[in-house]
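# Coordinates in review
Chain by chain, the residues run as shown.
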Amino acid sequence: MRKKEYSIMTTEVYQTGIGQLWEKNYFDPSKPYYVKNQDCLYFNYQFQNNIFYIIDFISTEKGNNENQKSTKKTWRRFMRIIKKPDGTFQLLLDGKARDYS
């Protein structure tokens with residue numbers, strides 16, 4: 001697997017029926033936010049138990065060739081954090097987050 005580096009431009013949190021709850025932009029070139037594939041992204045938002053969220057972020061990827069232009073991509077995941085009967089928390093993603101009741 002080739003290690004790719006991404007520049008994160010925007011991170012957002014939405015709640016169905018409510019709309020946008022939080023947004024952070026990283027447009028200041030003096031304070032870039034870089035991650036590599038398989039790194040975790042930081043969302044400075046206090047997620048609540050058993051709420052269905054949509055998280056988005058926009059990134060650009062720099063190719064292997066220095067002359068190649070960056071590519072821009074919007075990413076979206078559906079998530080829900082649930083508290084299990086034993087007191088631990090579990091992260092549900094996409095279909096499992098949508099279908100949880």
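For the structure, check the block above.
So, a few notes on the structure that sits alongside this text. (Residues numbered from 1 in each chain as written. Predicted model: local features only at pLDDT ≥ 70, side-chain atom pairs only at ≥ 80, totals over all residues. Heavy atoms only, no water.)

Let's shift gears to the pattern of salt bridges. With the rule as written, the count across this model stands at three salt bridges. Lys 4 serves as the salt-bridge partner of Glu 61, at 3.9 Å between the closest nitrogen and oxygen. Taken as a pair, Glu 61 in strand β4 (residues 53–61) and Lys 4 in the segment before β1 (5–15) lie far apart in primary sequence, 57 residues in all. (Salt bridge = Lys/Arg side-chain N within 4 Å of Asp/Glu carboxyl O. Helix = DSSP H or I, 4+ residues; strand = E, 2+ residues; numbered from the N terminus.)

Attention shifts here to the packing of aromatic side chains. Scanning all chains against the criterion turns up eight aromatic pairs. Measuring from centroid to centroid gives 6.0 Å for Trp 22 and Phe 43, while their planes differ by 50°, and the two rings are tilted. One end of the pair, Trp 22, is in strand β2 (residues 19–25); the other, Phe 43, is in the loop between β3 (34–36) and β4, and 21 residues separate them in sequence. We classify Phe 43 as buried; its relative accessible area is 13%. (Phe/Tyr/Trp six-rings, centres within 6.5 Å; stacked < 30°, edge-to-face > 60°. Buried < 20%, exposed > 50% of the residue type's maximum accessible area, 1.4 Å probe, protein only.)

Turning next to the nonpolar core. Counting residues in each nonpolar core, the largest one holds 12 residues, listed as Tyr 6, Ile 8, Val 13, Trp 22, Tyr 26, Tyr 33, Val 35, Phe 43, Tyr 53, Ile 55, Phe 57 and Met 79. Those elements that provide at least two residues to this core are β1 and β4. Listed in part, the five residues of the second largest apolar core include Phe 52, Ile 54, Leu 92 and Ala 97. (Core = buried A, V, L, I, M, F, W, Y, C linked by side-chain atoms within 4.5 Å.)

Phi is positive for Gln 38, which is not a glycine, with a value near 75°. Topologically, Gln 38 is positioned in the loop between β3 and β4. Although it is not a glycine, Asp 94 sits at a positive phi angle of roughly 50°. Checked against the element boundaries, Asp 94 lands in the loop between β6 (89–93) and α1 (95–99). A residue is classified by how much of its surface remains accessible, and Asp 94, at 24% relative accessible area, is partly exposed.

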